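Analysis of the macromolecular model
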Amino acid sequence: MNRRDLLTRLGAGGALSLAGCVHAPRSRARPLVVVVGGGYGGATAAKYLRLLSGGAVDVTLVEPTPHFVSSPLSNRVIAGEMEIADLTVDYDRLRSRHGVSLVRDRVTAIDPERKTVVLAGGARLHYDKLVLSPGIEAITAPIEGLSDAHESGRIVFAWSGGEETLTLQRQLAAMPDGGVFAITIPESPYRCPPAPYERASLVAAYLQAHKPRSKVLVLDANQDVTAMGPLFKRAWRELYGDMLEYRNHYGLVGADGATLRLRFDVQEDVHADVINVLPPVQAARLAVDAGLANVNGRWCEVDFLNFESRVAQDVHVLGDSIQAGPMMPKSGFMANAHAKVAASAIVAELQGEAVNPQPMLVNACYAFVSATLAMHAASVYRFVAEQRRFEQIPATGGASAAWTELEARYALSWARNIWADMLD
Amino acid sequence: MLCVAAHGLADSTDPPTDDRANSPIKSLAATCAGCHGSDGLGAPDAAIPPIAGLPPGRFIESMRAFRDGEGKPTVMRQIAAGYSVAQTRALAEYFAGVTKR
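Residues numbered from 1 in each chain as written. Chains lettered and ligands numbered in written order. Predicted model: local features only at pLDDT ≥ 70, side-chain atom pairs only at ≥ 80, totals over all residues. Heavy atoms only, no water.

Some points on the overall build of chain B
Along the backbone of chain B there are 6 helices and 0 strands. Walking chain B from its N terminus toward its C terminus, one meets helices and strands in the order α-α-α-α-α-α. Pairs at least 24 residues apart make up 58% of the contacts formed inside chain B by residues separated by at least 6 positions. Total accessible area on chain B is roughly 5400 Å²; 61% of this is exposed by carbon and sulfur atoms. (Helix = DSSP H or I, 4+ residues; strand = E, 2+ residues; numbered from the N terminus. Contact = heavy atoms within 4.5 Å. Areas by Shrake-Rupley, 256 points an atom, 1.4 Å probe, with all protein chains shown as cover.)

Set out below in structure tokens:
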């Protein structure tokens, strides 16, 4: 089978199995970038690699799930304000509009020496450039009992796209009035700083409307709310009063799925009717196993001009799994921003052109405090050549003065536009 | 001449339009896409307005107003502060030239 046949079959879409097929090294004429992960970073990278190269660079996106499901806004599903379908977008337009080859599979290993990746289905793909946007994985070992509790489905994380989001929504729907919902928050850095507080707020709103004698306990390992602190605390006071209690310095050391008890390093145990543990996280297993997570064994160090791994040549890492610069949060918005900088740099390198020496990143996070009210935090970053990293432009960092209905409309509008930027 | 003056583009050191697929202006414009959609072509009925096709003068004036804290406070007050006058001008020209796919 020649390359054209292979690509035609890949382009036909669907879950194509490449078992036993070795993809031969590329001819110099058309470079190939393999993108791993179809989330905020990977999908954006795949599309922009095609756009910015005018179609001269071939792109294969490897993603195991059949549709994109957003984690941002998923707190609204947990609170019964939205359906999973509202967070779901098809991958097909990446192929039909932008000519990205879609492979529904999972990458199990990376060989940077040979420049190949191995798929769970058995195939091996060769790449000229590899873009990894694999996300994060939970570190459960230090929390006794958590792995078992999670396996059993009694305690969910609901921290990456889809199924567990629904489980948590159902657990809350089934909770009796007067019950306690406890959410534990790991030490920073973690994926999406405001999201746990948004979740607590939205659950409080749901309970206030449907089970008003219930309580929300926010058990935070950090010394204070890690994002929009004054705004969240004021919102909790004004909107939920005694219903929501925030406790800081709560370091989780144990979680029992059978008894629904949480153990902490210093404080007394806590029992709740529904428990949501947000575990400590690190770069996805794939990146760690490939030796790319060279910062504390947890995060991948990259060159910020092109997001190339400092450990492996021609491997570019985006999104939550990187060691971010100062004041750079882990967020879907950032992953989308990383991807566009990386795509431009990779296309330039492949075409023998100069890499943009002044990339910029923008981050804007909307957080809901109730079903109809939201607020934002945002920043703009410029690349500082002497430091070889992004730094926040001082006048740009900050948040809304208050939560409003208009901000809630902006939040929903933002989601539609960024998903289109990624997938349309 | 009149046209140039009206748009405030009297600076003769502005670089010529870059039509390459992977130009610096493309990368700069892409920083707006996360909220305004690819090439500023966000959904027309959405709360966040599309910016493709805006007359350059209006784009520049809006960004100035955001930077000066005028009008309704939105995230744009912070975002606009991240772009220089020259960058704003370049973006205004770029988005004015974007037409629907």
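Alright, that's what it looks like, and here's the rest.
As for the overall build of chain A
Of the regular secondary structure elements, chain A holds 11 helices and 25 strands. In terms of overall dimensions, chain A is globule-like: its C-alpha atoms have a radius of gyration of 22 Å, near the 22 Å expected for 424 residues. With the C-alpha coordinates of chain A rotated into their principal frame, the extents come out at 65 × 50 × 35 Å. For chain A, with 424 residues in total, the buried portion stands at 57%. Excluding contacts between residues fewer than 6 apart, the proportion of contacts in chain A whose partners are at least 24 apart in sequence is 66%. As displayed, chain A offers around 16600 Å² of accessible surface, 48% of which is attributable to carbon and sulfur atoms. (Rg over C-alpha atoms; globule rule 2.2 N^0.38 Å. Buried < 20%, exposed > 50% of the residue type's maximum accessible area, 1.4 Å probe, protein only.)

Looking at the side chain of Gln78 of chain B
Structurally, the position occupied by Gln78 of chain B is in helix H5 (residues 76-80). Note on Gln78 of chain B: relative accessible area 10%, which makes it buried. A polar contact of 2.7 Å, which involves the side chain of Gln78 of chain B, links it to the side chain of His376 of chain A. (Polar contact = N/O pair within 3.5 Å; in protein donor to acceptor, adjacent residues only side chain to side chain.)

Topic: the pattern of salt bridges
Residues and elements named next belong to chain A. One pass over the structure, following the stated rule, counts 26 salt bridges over all chains. Glu349 is paired through a salt bridge with Lys129; the nearest N and O atoms lie 2.6 Å apart. In this pair, Glu349 sits in helix H10 (residues 332-350) while Lys129 sits in strand E9 (residues 129-132), placing the two residues 220 residues apart along the sequence. A network of salt bridges, in which partner residues are shared, links Lys115, Lys129, Asp314 and Glu349. (Salt bridge = Lys/Arg side-chain N within 4 Å of Asp/Glu carboxyl O.)

Side note on the sheet that holds strand E17 (residues 274-277) of chain A
Residue and element names in this part refer to chain A. Spatially, 4 strands are ordered E13-E12-E11-E17 in an open sheet, and the strand pairing comes out parallel. Every interior strand has two partners, whereas the edge strands, strand E13 (244-247) and E17, have only one. Adjacent strand axes in the sheet meet at a mean angle of 15 degrees, parallel and antiparallel pairs treated alike. Examined bridge by bridge, strand E11 (residues 180-185) and strand E12 (residues 215-220) share 6 bridges and lie parallel to one another. Looking at E12, one finds that Phe181 is bridged to Val216. Contacts from helix H6 (residues 163-174) reach E11 and E17, with the element oriented near 155 degrees to E17. (Pairing = 2+ DSSP bridges. Axes fitted to C-alpha atoms, helices over the stretch in contact; angles between N-to-C directions.)

Observations regarding the packing of aromatic side chains
All names here are of chain A. All told, the structure shown has 14 aromatic pairs over all chains when counted by the stated rule. With 5.8 Å between their ring centres and 35 degrees between their planes, Phe232 and Trp236 make a pair best called tilted. In this pair, Phe232 and Trp236 are both assigned in helix H8 (residues 229-240), 4 residues apart and thus about one turn of the helix distant. By relative accessible area, Phe232 is classed as buried at 0%. (Phe/Tyr/Trp six-rings, centres within 6.5 Å; stacked < 30°, edge-to-face > 60°.)

A short note on the interface of chain B and chain A
Contact residues are listed per partner, giving 30 residues for chain B and 40 residues for chain A. Carbon and sulfur atoms make up 57% of the surface buried where chain B meets chain A, a total of about 2600 Å² over both sides. When residues of chain B are sorted by the area they lose upon contact with chain A, Asn22, Gly34 and Gln78 of chain B head the list and together hold 21% of the total. At the junction of chain B and chain A, the tally comes to 2 salt bridges. Measuring nitrogen to oxygen at the nearest pair gives 3.9 Å for the salt bridge that ties Glu353 of chain A to Arg20 of chain B. For the pair chain B and chain A, the number of links is 13 residue pairs in polar contact (both at pLDDT 80 or more). Elements supplying a minimum of two residues to the side of chain B that touches chain A: helix H2 (24-30), helix H3 (33-36) and H5 of chain B. (Buried area = accessible area lost by both parts, 1.4 Å probe.)

Describing the side chain of Glu308 of chain A
By the element assignment, Glu308 of chain A lies in strand E20 (residues 308-309). Leaving out residues up to four positions away in the same chain, Glu308 of chain A has contacts with Lys129, Glu301, Val302, Asp303, Gln313, Asp314, Val315 and His316 of chain A.

A closer look at the packing of H10 of chain A against helix H11 (residues 405-423) of chain A
All names here are of chain A. Between H10 and H11, the shortest axis-to-axis distance is 11 Å and the interhelical angle comes to 30 degrees. Our classification of the angle between H10 and H11 gives roughly parallel. Handedness of the crossing formed by H10 with H11: left-handed. Across from Phe333, Asn336 and Lys340 in H10, the residues of H11 making contact are Trp414, Ile418, Asp421 and Met422. Partitioned by chemical class, the residues of the contact of H10 with H11 number 4 nonpolar, 1 polar and 2 charged. (Parallel < 35°, antiparallel > 145°, perpendicular 65-115°, else oblique. Left-handed = near helix turned anticlockwise from the far one by under 90°. Nonpolar A, V, L, I, M, F, W, Y, C, P; charged D, E, K, R; others polar.)

Concerning the pairing of E11 of chain A
Both faces of the sheet carry side chains from a regular strand, because those side chains alternate between them. Residues and elements named next belong to chain A. Within E11, 5 of the 6 residues are buried, which leaves it mostly tucked inside the rest of the structure. With 4 bridges joining them, E11 and E17 adopt parallel strand pairing. Within E17, the position partnered with Ala182 by the bridge is Ile275.

Quick word on the sheet that holds strand E16 (residues 270-271) of chain A
Residues and elements named next belong to chain A. Taking strand neighbours across the sheet as the criterion, the 3 strands line up as E14-E15-E16 in an open arrangement whose pairing is antiparallel. For this open sheet the edge positions go to strand E14 (252-256) and E16, each flanked by a neighbour on one side alone. Pairing between E14 and strand E15 (residues 261-264): 4 bridges, direction antiparallel. Bridging across to E15, Leu252 finds its partner in Phe264.

Observations regarding unusual backbone geometry
Glycine aside, the phi torsion of most residues is negative, and most peptide linkages are trans. Residues and elements named next belong to chain A. Residues Ser188 and Pro189 are joined by a peptide bond in cis, for which omega reads 5 degrees. In this structure, Leu73 takes a positive phi of about 80 degrees despite not being glycine. Within the secondary structure layout, Leu73 lies in the loop between strand E3 (67-69) and helix H3 (74-78). Under the relative-accessibility criterion, Leu73 is labelled buried at 9%.

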